[in-house]
Amino acid sequence: MKTVPAIRVDGLVKRYGAVEAVRGISVDIAAGEIFGLIGPDGAGKTTTFQVLAGVMEATGGRAEVFGQPAREARAHTGYLTQTFSLYPDLTVIENIRYLGDLRGTPREDVERRGMKYLRMFDMHRFTDRRAGQLSGGMKQKLALACALVPEPRVLLLDEPTTGVDPVSRREFWDTLAHLSVDGLTILVATPYLDEAERCHRVALMYAGAIQRIGTPASLRDRLSAVRLEVRTTDLGPAEQILYEADRNHANIVDVQRFGDRLDVLVHDRVSGEAVIRERLRLAGLPVTEIRQDTPTLENAFVAELRALGGVVEHPTFPGLHDHSDILGQVAIGAEHITKSFGTFRAVHDVSLTVKYGEVYGLLGANGAGKTTTIKMLCGLLDATSGRTELAGARRNLRAPAVRRQIGYMSQKFSLYEDMTVAENLAFFGGVYGVPEEERAEKVDWVLHFANLERESGRIVGSLPGGWKQRVAFGAAIMHEPT
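Residues numbered from 1 in each chain as written. Predicted model: local features only at pLDDT ≥ 70, side-chain atom pairs only at ≥ 80, totals over all residues. Heavy atoms only, no water.

Asks: Quick one: what's the story with the overall build of the protein, residue by residue and with numbers?
Replies: Scanning the protein for helices and strands turns up 15 helices and 17 strands. By its C-alpha atoms, the protein is 75 × 65 × 45 Å across when sized along the principal axes. Looking at the protein as a whole, 46% of its 482 residues qualify as buried. Sequence separation of 24 or more characterises 67% of the internal contacts of the protein that already satisfy a separation of 6 or more. (Helix = DSSP H or I, 4+ residues; strand = E, 2+ residues; numbered from the N terminus. Buried < 20%, exposed > 50% of the residue type's maximum accessible area, 1.4 Å probe, protein only. Contact = heavy atoms within 4.5 Å.)

Listed below in structure tokens is the structure:
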């Protein structure tokens, strides 16, 4: 007897007017499988999830859950959307009770299962806290707990760990692995390729179509390459030089930039390293280290996208104002700042100094106080005690002159969703005082950076999450804050 797959997608098509978001994809997912969907923003992942969750009708093809049309199988499906969709004014436990009642789960089961998952996610201490007051990661944990309370047979997770700290992400995935062993089928979209490594199989989606399906190991092996981690004094020119070598030398497969290094994929380690050293020597760029390792899934993903034309080269930001005279001076300072909300102390006795030209990171678990600290440092929130310094000001951090020196991109998307991309950029350019003669060039850069040159008239609320964040980032730096 042939086993019915938990999820079957056959020739699935979804159109929005003239736009074909999903173009005839087909895949079978077995019961108990963790299946990952990876791809750039706008690839069609969220549309696929919405069809499988039964909240949207397909234009063509089939989408089935355990042999039933997806819309008729909604009782068996849990769906965690990309954006937080619970009620911010309800408490943690009230949200769980409401979602349990909505799905027809007996109240005693709702309470028992809800507390089980809250303990699993270390959130049982926050049952009486309003959902709107939770950190980004805690909101995601609550949303997952709500999705699990009805005990679905299929769980659809659209980027469930965006904004979740690394420790909580690991715990989150340990939970998914445990649920999978118990028979739950999980389809997950993730922007984190280390998470995709934990899936049984993954599919790479691009331009509405599935380009590759396989285990993470099989997709890595397709490269038939060795990864050389190259560190040099100036990565920008080095990347361009080796990228040119990539196109002219049969041994170099691809060149990818990751943080403080270049990943150069080569067929042969010895001859590949010789090419790298010679090309950079001729350019006067000393090599500080070359280290061999195996290719990652991220290497395979980026190489595949480049081959498909999905990696966009971005122009340099059109910085027109010289800030070199302030390098090394104090940009942001805090002396023993504390913030309390009633009896709850969110930040306690924090002191720090950040100088111009530095990239300074605040690391910590969800709820550690990072966002509250940043809001105090930016002057958006008054400290309960302690002193702050920002752009040379110690007293009125909200003065217009200080505001013009700051670019702020919040954890929550901060643009106007009912305005177009162009209208948002025009508005923020005006608010931040970008000179008229500079605006066109700055707006063009943001549109190119966000890969939205032809979409400037599109309503921001209709954009995929990653595109929204690119527009928000561009809007935050258009005025060249110090």
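Asks: Break down unusual backbone geometry for me, with residues and values.
Replies: Positioned with a positive phi, S224 is a non-glycine residue whose angle comes to about 50°. Considering the arrangement of structural elements, one finds S224 in the loop between α7 (216-221) and β11 (226-232). Judged by its relative accessible area of 52%, S224 is exposed. One non-glycine residue, E480, adopts positive backbone phi at about 55°. Its location among the elements puts E480 in the segment after α15 (465-477). The exposure class of E480 is buried, given its relative accessible area of 9%.

Asks: Describe in detail the pattern of salt bridges, supporting the description with residues and values.
Replies: In the structure shown here, the tally under the stated rule is 40 salt bridges. A salt bridge links R231 to E229; the shortest N-O distance between them is 3.6 Å. In this structure, the salt-bridge partner of R261 is D263, at a minimum N-O distance of 2.6 Å. You can call R261 buried: its relative accessible area is 18%. On the basis of relative accessibility, which here comes to 1%, the residue D263 falls in the buried class. A cluster of three or more residues bridged by salt bridges with shared partners is formed by R227, E229, R231, D260, R261, D263, E289, R291 and D293. (Salt bridge = Lys/Arg side-chain N within 4 Å of Asp/Glu carboxyl O.)

Asks: An account of the side chain of T338 is needed here, citing residue identities and associated values.
Replies: Structurally, T338 is set in strand β15 (residues 330-341). Among the residues examined, T338 registers a relative accessible area of 10% and is labelled buried.

Asks: Let's hear about the environment of A177: which residues, and what values?
Replies: For A177, the position within the fold is in helix α5 (residues 166-181). A177 sits in the partly exposed class, given a relative accessible area of 29%. In sequence terms A177 and A393 are 216 residues apart; their C-alpha atoms lie 50 Å from each other.

Asks: How would you summarise the sheet that holds strand β5 (residues 68-69) if you had to cite specific residues and measurements?
Replies: Judged by pairing direction, the sheet is antiparallel, and its four strands sit side by side in the order β2-β1-β4-β5 without closing on themselves. Because the sheet does not close on itself, it has two edges, and the strands there are β2 (19-29) and β5. Pairing analysis gives eight bridges linking strand β1 (residues 7-16) to β2, with the strands arranged antiparallel. Note on β2: the bridge partner recorded for R15 is E20. Against the sheet, helix α1 (residues 45-52) makes contact with β1, β2 and β4 (60-65), and its axis sits at roughly 115° relative to β1, the strand it touches most. (Pairing = 2+ DSSP bridges. Axes fitted to C-alpha atoms, helices over the stretch in contact; angles between N-to-C directions.)

Asks: So what's going on with the sheet that holds strand β12 (residues 252-258)? Residues and values would help.
Replies: Hydrogen bonding along the main chain pairs the strands of a sheet, whether they run parallel or antiparallel. The antiparallel open sheet is built from four strands, whose spatial order is β12-β13-β11-β14. The strands lining the two open edges of the sheet, one partner per strand, are β12 and β14 (287-293). Strand after strand, the sheet turns through a mean of 20° between neighbouring axes, direction not considered. Lying over the sheet, helix α9 (residues 269-282) contacts β11, β12, β13 (261-266) and β14, oriented at roughly 160° with respect to β14.

Asks: Go over helix α10 (residues 297-308) with me, naming the residues and quoting the values.
Replies: With 12 residues, α10 ought to run about 16 Å at 1.5 Å a step, and its terminal C-alpha atoms sit 16 Å apart, in line with that. Within α10 the residues assigned to the buried category are L297, N299, A300, F301, V302, A303, E304, L305 and R306. Just downstream of α10 lies G309, where phi reads positive at about 80°. (Expected span 1.5 Å × (residues − 1).)

Asks: Give me the packing of helix α2 (residues 92-102) against helix α4 (residues 136-148): which residues, what numbers.
Replies: As a packed pair, α2 and α4 sit with axes 9 Å apart at the nearest point and diverge in direction by 30°. With respect to α4, the element α2 is oriented roughly parallel. When the axes of α2 and α4 are compared, the crossing they make is right-handed. On the side of α2, the interface is formed by V92, N95, I96 and L99, while α4 contributes L142, A145 and C146. Here the contact of α2 with α4 is composed, by residue class, of six nonpolar, one polar and no charged. (Parallel < 35°, antiparallel > 145°, perpendicular 65-115°, else oblique. Left-handed = near helix turned anticlockwise from the far one by under 90°. Nonpolar A, V, L, I, M, F, W, Y, C, P; charged D, E, K, R; others polar.)

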